[in-house]
Amino acid sequence: MVQNILPRLFPLPSPRNYMNDVDHRHWLDLDAELNEWQRLGRPATMWIRDDDATCSSEPFRRLIALTAGQGIPLAVSIIPELLENSLSFMLDKRLPIDVLVHGHAHVNHEPEGSKKSEFGPHRRLPQSIREICDSLNKLSISFPSELVEGFVPPWNRIDEKVIDVLYDAGYRMLSTFTPRSSQYARRGLKQVNCHVDIIDWRGTKKFTGVSQTIAAVVGHLSQRRRGMCDPTEPTGILTHHLNHDEDCWSFLNDFVKKVSKHPGQEWIRLRSLMDIK
């Protein structure tokens, strides 16, 4: 663990049933990492992307209250084919919310035994092009001021041939998962990924746990700081409001409150990375 020389700049979260002594030590690690960024005079930038939005719901309203309602920017990736009017009506233009295109209908088109993908190698390219164009057009009408013309492929998987046509289809950003290898996926197509998923999809389908989640945050921040990956890519936290259990909500509540109080951290609004006014 990095030695913590600066005084602690935010208190440890109070004990809850979703944390144990090991978890508390990981909060210390995060505190120490943010102190290192502060020493460098560079903010530890982060952003939040929430996937699978379709309608106004109690979990979605809870997420808004926890993030954008407190001034913390939120990027919402919406499934165009499943969009309901209730979602359009509830997004307050005064809040720091950006909208992304989350595929088309979030349907897997890959054969059995292959990894799930809506825009994978087994689909005909003309059909994929038609759907990504229709999806962008639909959300640009529903969210004219919130849309940032970014594409989030379901399951974070997309065939290279589809990436090749995203810019011509009107997109200016691609967001998947894991550290980016370049700031641009293609010419004119910015790449801004997520790096920390708070849900254990391969196991319990519930909260990954405090230790594992904070370790992932600290790991990416540390790699950025030491130049082991792109230091300019903000650390992305991935959420799925419809799938959160109470431990997910408790952790998010603690996490955003604690890191927001640290002067070494900064929440980034997605549109600020894309020169969108």
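Structure report, in brief.

What counts and what doesn't
- Residues numbered from 1 in each chain as written.
- Predicted model: local features only at pLDDT ≥ 70, side-chain atom pairs only at ≥ 80, totals over all residues.
- Heavy atoms only, no water.
- Helix = DSSP H or I, 4+ residues; strand = E, 2+ residues; numbered from the N terminus.
- Rg over C-alpha atoms; globule rule 2.2 N^0.38 Å.
- Buried < 20%, exposed > 50% of the residue type's maximum accessible area, 1.4 Å probe, protein only.
- Contact = heavy atoms within 4.5 Å.
- Areas by Shrake-Rupley, 256 points an atom, 1.4 Å probe, with all protein chains shown as cover.
- Lys, Arg positive; Asp, Glu negative; His and termini not counted.
- Charge placed at Lys NZ, Arg CZ, Asp CG, Glu CD.
- Pairing = 2+ DSSP bridges.
- Right-handed = clockwise from strand over helix to strand, strands pointing away.
- Salt bridge = Lys/Arg side-chain N within 4 Å of Asp/Glu carboxyl O.

A short note on the overall build of the protein chain
And then number 1: Across its full length, the protein chain holds 7 helices and 10 strands.
And then number 2: The C-alpha radius of gyration of the protein chain comes to 19 Å, within 12% of the 19 Å expected for a compact globule of 277 residues.
And then number 3: The principal-axis extent of the C-alpha atoms belonging to the protein chain is close to 55 × 45 × 40 Å.
And then number 4: Counting all 277 residues of the protein chain, 54% fall into the buried class.
And then number 5: The long-range share in the protein chain, meaning contacts at least 24 apart out of those at least 6 apart in sequence, stands at 67%.
And then number 6: For the protein chain, the accessible surface area stands at approximately 12,700 Å², while carbon and sulfur atoms represent 50% of it.
And then number 7: A distance of 3 Å separates the average location of the 35 positive side-chain charges in the protein chain from that of its 35 negative side-chain charges.

Digging into the pairing of strand β4 (residues 147–151)
And then number 1: Burial runs high along β4: 4 of the 5 residues are buried.
And then number 2: Judged from the 2 bridges that link them, β4 and strand β5 (residues 173–174) form a sheet pairing that is parallel. Residue Gly150 lies in a different strand from β5, and its bridge partner there is Met173.
And then number 3: One crossover worth recording links β4 to the parallel β5 by way of helix α5 (residues 160–166), and it is right-handed.

A word on the environment of Arg172
And then number 1: On the secondary structure map, Arg172 appears in the loop between α5 and β5.
And then number 2: When neighbours within four sequence positions are excluded, Arg172 is seen to be in contact with Glu149, Tyr167, Gly188, Leu189, Lys190 and Met274.

Overview of the pattern of salt bridges
And then number 1: On inspection of all chains with the given rule, the structure shows 13 salt bridges.
And then number 2: Here Arg271 ties to Asp98 by a salt bridge, and the two come within 2.6 Å at their closest N and O atoms. Of this pair, Arg271 sits in the segment after β10 (265–267) while Asp98 sits in strand β3 (residues 97–101), and the two are 173 residues apart along the sequence. For the pair formed by Arg271 and Asp98, the shared burial category is buried.
And then number 3: Between Lys161 and Asp159 there is a salt bridge whose closest N-O contact spans 2.8 Å.

That is the geometry; function is a separate question.
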